[in-house]
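Examining the three-dimensional arrangement
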Amino acid sequence: YLEEIERIRERFSPLVLICKEYGTAMRIGTNHGSLSDRIMSRYGDTAIGMVESAMEFLRIARSLDYHNIVLSMKSSNPIVMVEAYRLLVTTMDTEFGEIYPLHLGVTEAGDGIDGRIKSAIGIGTLLQEGIGDTIRVSLTEDPEFELPVCKQIINHIQHLKTNEFVANNKEIISKISSAKFPSFGGVRGGSFAINNVGGNNVPVVIADFSKTKNITPKHLEAIGYKYNEQTDKWNIADDAADYIFTNDQILNFDLPGTLKVLLFSDKWLEVKNNPSYNPLFDAPQYIEYKKPAASSPSLSGEGRGEAFVMIDSSFELTEDYYNILREDKTAIICISSANQNALQELKQMFAGFQQKNIHNPVIIICDTKAATTDEAIIHYAIETGGLFLDGLGNGICFGYHYNSIDVVNPTSLLNYVAFGILQATRKRISKTEYISCPSCGRTLFDLQETTAKIRARTNHLKGVKIAIMGCIVNGPGEMADADFGYVGSGVGKITLYKNKDVVKKNIDSEVAVDELINLLKENGAWVEETV
């Protein structure tokens with residue numbers, strides 16, 4: 001290992017000295033999928049390996065008194081990307097006592113909403129923590145569509161620049177610094193289960209139907225439930241929501257067995273014996289709900305199943321309130337914050353629950369007043385993705401204002417975004433994942449058209465990760481997180497991979513998609529699509 005480092009020093013030092021002489025800046029970049037055999041053999045395919053790979057070169061540059069450097073730690077997996085940058089900052093600070101500028105990006109993020117979600121989660125989470133100096137959004141779209149997403153991410157965290165926010169944020173971070181959160185990327189430890197929420201269950205999704213009048217079975221198609229009148233059965237998709245919030249609307253039809261309704265507590269009293277309905281309390285109402293039956297007979301919660309309790313970060317949680325929550329094994333806590341530093345405030349609430357030995361499941365509620373749909377998607381991804389990355393949260397619910405989501409069916413969009421965020425943070429897998437690079441001069445086929453063709457044929461393969469890479473230069477390395485790869489290897493030629501191994505070389509592009517499908521079938525990754 002040391003001999004290899006010395007060989008790197010001999011080859012790298014002349015470049016460093018030239019840059020030093022001419023005042024030229026250098027970027028030292030590590031890609032999760034392109035770690036050397038030297039690093040892999042010692043550290044494995046890990047964030048630690050990524051950091052050590054960069055530190056090897058940084059130490060050489062520093063030994064030559066060259067400091068005009070920016071570093072990057074890129075991965076198509078936001079979990080790995082965020083962990084690597086955090087670890088790099090800690091390592092530089094510990095070893096050097098200073099931190100070099102950082103360039104942030106989720107590489108090969110893909111296209112459409114999913115590409116935006118991945119980018120916003122990775123970049124936005126770090127910027128919220130004060131990590132990062134420049135950013136790049138990498139989308140499988142025309143290059144001009146990347147810059148607006150960059151601007152939306154930056155606009156979302158502009159408040160970080162205000163002195164008032166910085167002071168408040170530092171105070172909050174200091175309060176949560178002593179909290180022992182679970183290992184990075186894991187499921188929130190210590191939460192017990194209440195039916196399908198918490199414990200070892202995947203995070204639930206709550207769909208907001210509060211703005212929908214006269215809800216019918218047809219409306220539920222937006223969240224993954226399709227009713228067949230002929231068979232009198234429901235077809236349930238992999239991205240079907242688990243609960244719907246109807247405000248005060250009691251439905252006049254039978255629900256599929258996997259779906260439940262949340263009603264405000266006063267309306268819930270009319271159907272409290274129906275197991276398909278659960279009460280939703282605000283923080284003060286919950287106290288009334290927990291009073292003994294003799295003093296509050298109508299709201300007595302004994303034996304009524306789970307109760308959802310909304311607690312905003314502005315609500316003062318007293319010791320008595322903590323005590324009631326701690327003893328209540330039916331309470332599912334729903335937390336929210338309307339403040340600028342919502343992400344850190346919600347982390348502070350998680351830390352408070354942990355310090356008070358409260359292990360009830362927690363749902364994250366996120367609302368937006370964004371002016372456009374794209375801005376709303378970025379908002380949801382940053383504010384909730386950063387929590388799920390750290391293993392915080394047992395469910396998710398998005399609210400919106402009438403002018404925030406300018407699409408025909410906001411409920412369908414928000415359900416897609418919710419499941420997209422859970423998939424990007426590896427907390428709930430509900431669909432195929434695509435890792436695809438942005439267009440560049442090396443791309444050997446129409447990347448967008450090919451991605452669309454492959455998506456159309458494979459988007460029903462839950463949990464399968466498919467990489468679509470434009471060239472052989474970066475493709476094999478940067479698709480390392482994928483199960484299968486489709487890589488341009490020459491003009492009109494495609495090479496197929498299983499993980500990092502070449503399976504079929506130089507296939508004509510006209511038949512390459514069919515050959516990819518055959519490869520999926522040969523490896524047991526194919527299932528027929530059901531209608």
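The coordinates are above.
A few points on the structure. (Residues numbered from 1 in each chain as written. Predicted model: local features only at pLDDT ≥ 70, side-chain atom pairs only at ≥ 80, totals over all residues. Heavy atoms only, no water.)

This next bit is on the overall build of the protein. Helix and strand counts for the protein stand at 16 helices and 19 strands. In the protein, which comprises 531 residues, the share counted as buried stands at 53%. Nonlocal contacts in the protein, meaning residues at least 24 apart in sequence, comprise 65% of its contacts between residues at least 6 apart. Total accessible area on the protein is roughly 23,500 Å²; 50% of this is exposed by carbon and sulfur atoms. (Helix = DSSP H or I, 4+ residues; strand = E, 2+ residues; numbered from the N terminus. Buried < 20%, exposed > 50% of the residue type's maximum accessible area, 1.4 Å probe, protein only. Contact = heavy atoms within 4.5 Å. Areas by Shrake-Rupley, 256 points an atom, 1.4 Å probe, with all protein chains shown as cover.)

Among the secondary structure elements, Thr451 is positioned in helix H14 (residues 447–458). Those residues in contact with Thr451, other than ones at most four positions away along the chain, are Asp111, Thr140, Ser436 and Ile468.

With the rule as written, the count across this model stands at 29 salt bridges. We note a salt bridge from Asp238 to Lys462, for which the minimum N-O separation is 4.0 Å. Here the residue Asp238 occupies a position in the loop between strand E7 (233–236) and strand E8 (243–245), and Lys462 occupies one in the loop between H14 and strand E16 (465–469), the gap between them amounting to 224 residues. Here Asp238 falls in the partly exposed class, since its relative accessible area comes to 41%. Relative accessible area serves as the criterion here: at 45%, Lys462 is assigned to the partly exposed category. Each of Glu4, Arg7, Arg38 and Glu56 takes part in salt bridges that share partners, so that together they form one network. (Salt bridge = Lys/Arg side-chain N within 4 Å of Asp/Glu carboxyl O.)

Attention shifts here to the sheet that holds strand E13 (residues 362–366). On the basis of which strands lie adjacent, the closed barrel formed by eight strands has the order E5-E8-E9-E10-E11-E12-E13-E14 and parallel pairing. Neighbour-to-neighbour, the strand axes of this sheet turn through a mean angle of 25°, independent of strand direction. Where E8 meets strand E9 (residues 260–264), three bridges bridge the pair, whose relative direction is parallel. Its bridge partner being in E9, Ile244 is matched across the sheet by Val261. Each of strand E11 (307–312), strand E12 (331–336) and E13 is contacted by helix H11 (residues 342–355), which is oriented at about 150° to E12, the strand it contacts most. Packing against the sheet, helix H12 (residues 373–389) makes contact with E13 and strand E14 (395–398), and its axis sits at approximately 160° to E13. (Pairing = 2+ DSSP bridges. Axes fitted to C-alpha atoms, helices over the stretch in contact; angles between N-to-C directions.)

Right, let's talk about the state of the cysteines for a bit. Using the criterion set out here, one finds zero disulfides in the structure. Free cysteine Cys366: the closest other cysteine sulfur is in Cys397, separated by 9.7 Å. Cys397 forms no disulfide, and the closest cysteine sulfur to it belongs to Cys334, at a distance of 7.7 Å. Residue class for Cys397 comes out buried when judged on its relative accessible area of 10%. (Disulfide = S-S within 2.5 Å.)

On to the packing of aromatic side chains, then. Per the counting criterion, the structure on display carries 10 aromatic pairs. A centroid spacing of 5.0 Å and a plane angle of 85° characterise the contact between Phe12 and Phe57, whose relative ring orientation is edge-to-face. Here Phe12 is found in helix H1 (residues 2–22), whereas its partner Phe57 is found in helix H3 (residues 47–63), with 45 residues between them in sequence. Taking relative accessible area as the criterion, Phe12 reaches 10% and is therefore assigned buried. Overall, Phe57 belongs to the partly exposed group, its relative accessible area being 25%. Plain terms: the ring middles of Tyr380 and Phe398 are 4.0 Å apart, the flat faces sit at 25° to each other, and that makes the pair stacked. Within this pair, whereas Tyr380 is found in helix H12, its partner Phe398 is found in strand E14, the two being separated by 18 residues in sequence. Taking the relative accessible area as the measure of exposure, Tyr380 reaches 0% and is therefore buried. Phe398 gets classed as buried once you look at its relative accessible area, which sits at 4%. (Phe/Tyr/Trp six-rings, centres within 6.5 Å; stacked < 30°, edge-to-face > 60°.)

Formed by 116 residues in total, the largest nonpolar core has its most connected members in Leu71, Leu220, Phe353 and Tyr380. Considering each element in turn, this core owes the most residues, 10 residues, to helix H4 (residues 78–96). In this structure, Leu71 is in contact with Ile28, Ala54, Leu58, Tyr85, Leu88, Met92, Tyr100, Pro101, Leu102 and His103, ignoring residues within four places of it in sequence. With 29 residues, the next largest nonpolar core counts Leu461, Ala467, Val487 and Leu520 among its residues. (Core = buried A, V, L, I, M, F, W, Y, C linked by side-chain atoms within 4.5 Å.)

Bringing H14 into the picture now. The terminal C-alpha atoms of H14, which comprises 12 residues, lie 16 Å apart, in line with the 16 Å expected from a rise of 1.5 Å per residue. Taken together, the buried positions of H14 are occupied by Leu447, Thr450, Thr451, Ile454 and Thr458. On an axial view of H14, the arc spanned by its buried residues comes to 100°, and they lie on one face. Buried-residue contacts for H14 involve strand E15 (433–436), E16, strand E17 (484–490) and helix H16 (509–522). Its side-chain oxygen placed 3.3 Å from the backbone nitrogen of Gln448, Asp446 serves as the N-cap of H14. (Expected span 1.5 Å × (residues − 1). Arc of directions from axis to C-beta. Polar contact = N/O pair within 3.5 Å; in protein donor to acceptor, adjacent residues only side chain to side chain.)

Strands sit in the order E1-E2-E3-E4 across an open sheet of four strands; the sheet is parallel. Because the sheet does not close on itself, it has two edges, and the strands there are strand E1 (26–31) and strand E4 (134–135). Two elements, E1 and strand E2 (residues 69–74), share six bridges in a ladder whose sense is parallel. From the neighbouring strand, Asn31 faces E2, where its bridge partner is Lys74. Most of the contacts of H3 go to E2, to which it runs at about 165°, and overall it touches E1 and E2. Against the sheet, H4 touches E2 and strand E3 (102–104), its axis set at about 145° to E2.

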